[in-house]
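What follows is the residue order along each chain.
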Amino acid sequence: TMPNVLMELCLAMYMEVMDEWNMDASHDDYELCADNAIITVKHSHAEKYQSTWRNAFGSLKMSRGDMHRWSFQLMADAASEDSLRNAMFGIIPCSVANQKLSSFFCDYDDLHVSGFAYYAYDGDSFHPTNRRVSFGAKAKKLDVVTMTLDLRASQKDPQNNECGSLSIAINEKYQGQLANDINIDTEYCMAMTSYRVWEKIKMWNELTQIQEISIKK
């Protein structure tokens, strides 16, 4: 039979580190329900603030040498099937991922934020220095946005510094690298922001553990 130590080593090779929503850092309007599987805007807050940017962050801290993939599905019924989705998915330095953000996590006008993001509304990308540029396809109801953060020094900037990358796929169709100049000596976490109170987003990390973000009345 296989020794326990060798068995544990083999299992470790196939284990996926799972992320979860960090409620201590996420917007105070959120609350967890349904066995902590759903994060939702508190009813009293949703009634008072119909539309405003709220940020939610992951608990997993990513640093040099790490790689992780997240998928998000836009689940909520909108005003119409053609309604565009005011939701962004990306990363932010862990040091600024908190409830004190006054805008969306990738607001390039805020020099202290430095977030990278894909915008489901129109497919644009947000970058701390490139600001907002046309990037890929927009996402609608039931579309799946997958982002992969690679901090394994797989890229080089013009000064030959080692960099990481963030890439995006929509419904498994590769859209490209949203950024390839990410500082791998900075610690990052997953970030999501949405504007409409009815938005509902399912998030999972490759395997079977699934959580939902639900923003509704």
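About the thresholds
- Residues numbered from 1 in each chain as written.
- Predicted model: local features only at pLDDT ≥ 70, side-chain atom pairs only at ≥ 80, totals over all residues.
- Heavy atoms only, no water.
- Helix = DSSP H or I, 4+ residues; strand = E, 2+ residues; numbered from the N terminus.
- Buried < 20%, exposed > 50% of the residue type's maximum accessible area, 1.4 Å probe, protein only.
- Contact = heavy atoms within 4.5 Å.
- Areas by Shrake-Rupley, 256 points an atom, 1.4 Å probe, with all protein chains shown as cover.
- Core = buried A, V, L, I, M, F, W, Y, C linked by side-chain atoms within 4.5 Å.
- Pairing = 2+ DSSP bridges.
- Axes fitted to C-alpha atoms, helices over the stretch in contact; angles between N-to-C directions.
- Phe/Tyr/Trp six-rings, centres within 6.5 Å; stacked < 30°, edge-to-face > 60°.
- Salt bridge = Lys/Arg side-chain N within 4 Å of Asp/Glu carboxyl O.
- Disulfide = S-S within 2.5 Å.

**Q** Can you help me understand the overall build of the chain in this one?
**A** Per the secondary structure count, the chain includes 2 helices and 14 strands. Here the chain holds 217 residues, and 47% of them are scored as buried. Long-range contacts, defined here as pairs at least 24 residues apart, represent 63% of the contacts in the chain between residues at least 6 apart. Accessible area for the chain stands at about 11300 Å²; split by element, carbon and sulfur atoms hold 48% of it.

**Q** Explain the nonpolar core here, please?
**A** A general feature of soluble globular proteins is that nonpolar side chains tend to end up buried together. Ranked by size, the top nonpolar core spans 33 residues in total, and within it F72, F89, Y118, M147, L149 and I182 carry the most contacts. If you list the elements that add at least two residues to this core, you get β4 (67-74), β5 (87-93), β6 (116-119), β9 (144-156), β10 (162-170), β11 (173-183), β12 (188-196) and β13 (200-204). Among the elements that take part in this core, β9 stands out by supplying 4 residues, more than any other. Residues in contact with L149, not counting those within four places in the same chain, are M62, D66, M67, H68, W70, I91, S165, L166, I182 and Y188. Grouped together as the second largest cluster of nonpolar side chains are 18 residues, A25, W53, L101 and C106 included.

**Q** Would you take a moment to explain the sheet that holds strand β7 (residues 125-127) for this structure?
**A** Hydrogen bonds between backbone atoms are what pair the strands of a sheet, whose relative direction is either parallel or antiparallel. Read across the open sheet, the 6 strands follow the order β3-β12-β5-β6-β7-β8; overall the sheet is antiparallel. In this open sheet, the two strands that pair with only one neighbour each are β3 (51-57) and β8 (131-133). Ignoring strand direction, the axes of neighbouring strands in this sheet form an average angle of 20 degrees. As judged from the 4 bridges shared by β5 and β6, these two strands associate in the antiparallel manner. Directly across from G90, in β6, lies its bridge partner A117.

**Q** Would you mind showing me how to read the packing of aromatic side chains here?
**A** Where two aromatic rings form a pair, the distance of their centres and the angle of their planes describe that pair. Throughout the structure, instances matching the rule amount to 7 aromatic pairs. Taking the centre distance of 5.3 Å and the plane angle of 65 degrees together, the rings of W53 and F104 count as edge-to-face. With W53 in strand β3 and F104 in the loop between β5 and β6, this pair connects stretches of sequence that are 51 residues apart. F104 sits in the buried class, given a relative accessible area of 15%. With a centroid separation of 5.8 Å and an interplanar angle of 75 degrees, the aromatic rings of Y119 and F126 are classed as edge-to-face. Comparing Y119 with F126 shows no difference in burial state: the two are buried.

**Q** Just to check I follow, could you spell out the pattern of salt bridges for this structure?
**A** Opposite charge on two side chains permits pairing when their charged atoms draw close. Applying the stated criterion to the full structure yields 6 salt bridges. In this structure, R132 and D122 form a salt bridge, with 2.6 Å as the shortest nitrogen-oxygen distance. Taken together, the positions of R132 in strand β8 and D122 in the loop between β6 and β7 put the pair 10 residues apart, joining distant regions of the chain. Here R152 and D150 are joined by a salt bridge, their closest N and O atoms 2.9 Å apart. A relative accessible area of 49% places R152 in the partly exposed class. The buried category is assigned to D150, whose relative accessible area is 8%. Three or more residues joined by partner-sharing salt bridges are found here, namely R64, E162 and D185.

**Q** Just to check I follow, could you spell out the environment of C163 for this structure?
**A** Structurally, the position occupied by C163 is in strand β10. Among the residues examined, C163 registers a relative accessible area of 4% and is labelled buried. Separated by 19 residues in sequence, C163 and I182 place their C-alpha atoms 5.2 Å apart. If near-sequence neighbours (up to four positions away) are discounted, C163 is found in contact with A153, S154, Q155, D157, N180, D181, I182 and I184.

**Q** What is the right way to read the state of the cysteines from this model?
**A** The bond known as a disulfide is covalent and runs between the sulfur atoms of two cysteines. One pass over the full model with this rule turns up 0 disulfides. Unpaired in this structure, C189 has its nearest cysteine sulfur neighbour in C94, at a distance of 4.3 Å. We classify C189 as buried; its relative accessible area is 4%.

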